[in-house]
Amino acid sequence: MALALLAPTPTPAQVSVTRSANGSVTIFRPLSVGGTGGLNFGRLHNQGPKGPVGTVTVTSASPAARSSTGSGMQLLPGTSPAPVIRNLTGEPSRAYHVGLPASVTATPGGLLVNQFTVWSQNSGNISVSRLGQLNASGQDTVRVGATLTVPPGTGNNVFTANVPVTLTYD
């Protein structure tokens, strides 16, 4: 009979490694946007089948106003011109960017709308930079005006445009 000696089996050494790291996460309130509808140039017409092209501009600053160029342009009563108005709520004191298309078309007639202007209740005229800032309560109001190109012979009508306004944190 053979005797076997059992030797203890070596066990791997238990290794413990501890590492630590620091990090942080900043969570911002989402930017919420509400407001009124599209741009309203009001009732107008460009007299006669011949003559110069006219324009009608609705201002972005409050109170809304409209003006025209072109000898045949008539701004008619019956409607109130209005810029696009967007109310913003978000992270207090945070900067935001206003994105606009190069142009859109008006209804009716598909007339050209461009030369957008942008006004912020907190920052004033931001047409060039298109950068605004929410106030300490996280609020601002943005108003967008524009110019409508009106060919000669354009009939008496109310002209409006839907302007997509993109607002994002900067």
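Keep in mind the model is a prediction, meaning the values are calculated, not measured.

Caption draft 1: The overall build of the protein, seen in detail. Tallying secondary structure elements over the protein gives zero helices and 14 strands in all. Sequence-ordered secondary structure for the protein, helices as α and strands as β, is β-β-β-β-β-β-β-β-β-β-β-β-β-β. The C-alpha radius of gyration of the protein comes to 31 Å, more than 25% above the 15 Å expected for a compact globule of 170 residues. Across its three principal directions, the C-alpha atoms of the protein cover 125 × 40 × 25 Å. Taken across its 170 residues, the protein has 33% of its residues classed as buried. Roughly 10100 Å² of accessible area belongs to the protein as shown, and the carbon and sulfur atoms make up 54% of that amount.

Caption draft 2: Spotlight on the nonpolar core. Among the nonpolar cores identified, the biggest contains 29 residues, and Leu39, Phe41, Val98, Val113 and Leu148 are the most heavily contacted of them. For this core, the secondary-structure elements that each account for two or more residues are β2 (39–46), β3 (54–58), β6 (84–89), β7 (95–99), β9 (112–120), β12 (139–150) and β13 (157–161). At five residues, β12 tops the list of elements feeding residues into this core. Non-local contacts of Val113, meaning those with residues more than four positions away in its chain, are made with Leu39, Phe41, Ser103, Val104, Thr105, Ala106, Ala146, Thr147, Leu148 and Ala161.

Caption draft 3: Inspection of the sheet that holds strand β5 (residues 73–76) at higher detail. Within the open sheet, the three strands sit side by side as β5-β2-β13. Their pairing is antiparallel. Two strands in the sheet have a free side with no partner beyond their single neighbour: β5 and β13. Each strand of the sheet is rotated relative to its neighbour by a mean of 45 degrees, with strand direction disregarded. Examined bridge by bridge, β2 and β5 share four bridges and lie antiparallel to one another.

Caption draft 4: The packing of aromatic side chains, seen in detail. Counting across every chain of the model gives one aromatic pair. Ring centres of Phe28 and Tyr169 lie 6.4 Å apart, and the angle between their planes is 50 degrees; on these two criteria the pair is classed as tilted. You can see Phe28 sitting in the segment before β1 (32–35) and its partner Tyr169 sitting in strand β14 (residues 166–169), a full 141 residues away along the chain. A cation over a ring is seen here: Arg94 above Phe28, with NZ or CZ 4.1 Å from the ring centre.

Caption draft 5: Inspection of the pairing of β9 at higher detail. Bridge analysis of strand β8 (residues 104–105) against β9 gives two bridges, and the strand direction is antiparallel. Opposite Thr105, over in β9, you have Leu112 as the bridge partner. Counting the residues between successive antiparallel strands, the hairpin from β8 to β9 contains six residues, one of them, Gly109, with a positive phi of roughly 90 degrees. Relative to strand β10 (residues 124–125), β9 runs antiparallel, the two being bridged by two bridges.

Caption draft 6: Structural detail: the environment of Ala106. Counting through the fold element by element, Ala106 comes out in the loop between β8 and β9. Residues Ala106 and Thr18, spaced 88 residues apart in sequence, show a C-alpha to C-alpha distance of 66 Å. Sequence-distant contacts of Ala106, defined by excluding residues within four places in its chain, comprise Leu111, Val113, Leu148, Thr160 and Ala161.

Caption draft 7: Spotlight on the side chain of Thr154. For Thr154, the position within the fold is in the loop between β12 and β13. The contact partners of Thr154, leaving out residues within four places of it in the chain, are His45, Asn46, Leu111 and Phe159.

Caption draft 8: Spatial organisation of unusual backbone geometry. Cis geometry is adopted by the peptide bond preceding Pro63, which originates at Ser62 and carries an omega value of 0 degrees. Position of Pro63 relative to the elements: it lies in the loop between β3 and β4 (66–69). In this model, Thr107 is joined to Pro108 through a cis peptide bond whose omega is -5 degrees. The residue Pro108 is located in the loop between β8 and β9 in this model. Even without being glycine, Gln115 reaches a positive phi, approximately 55 degrees. The topology assignment puts Gln115 in strand β9. Phi is positive for Arg130, which is not a glycine, with a value near 55 degrees. Position of Arg130 among the secondary structure elements: in the loop between β10 and β11 (131–133).

Criteria and cut-off values
Residues numbered from 1 in each chain as written. Predicted model: local features only at pLDDT ≥ 70, side-chain atom pairs only at ≥ 80, totals over all residues. Heavy atoms only, no water. Helix = DSSP H or I, 4+ residues; strand = E, 2+ residues; numbered from the N terminus. Rg over C-alpha atoms; globule rule 2.2 N^0.38 Å. Buried < 20%, exposed > 50% of the residue type's maximum accessible area, 1.4 Å probe, protein only. Areas by Shrake-Rupley, 256 points an atom, 1.4 Å probe, with all protein chains shown as cover. Core = buried A, V, L, I, M, F, W, Y, C linked by side-chain atoms within 4.5 Å. Contact = heavy atoms within 4.5 Å. Pairing = 2+ DSSP bridges. Axes fitted to C-alpha atoms, helices over the stretch in contact; angles between N-to-C directions. Phe/Tyr/Trp six-rings, centres within 6.5 Å; stacked < 30°, edge-to-face > 60°. Lys NZ or Arg CZ within 6 Å of the ring centre and 35° of its normal.

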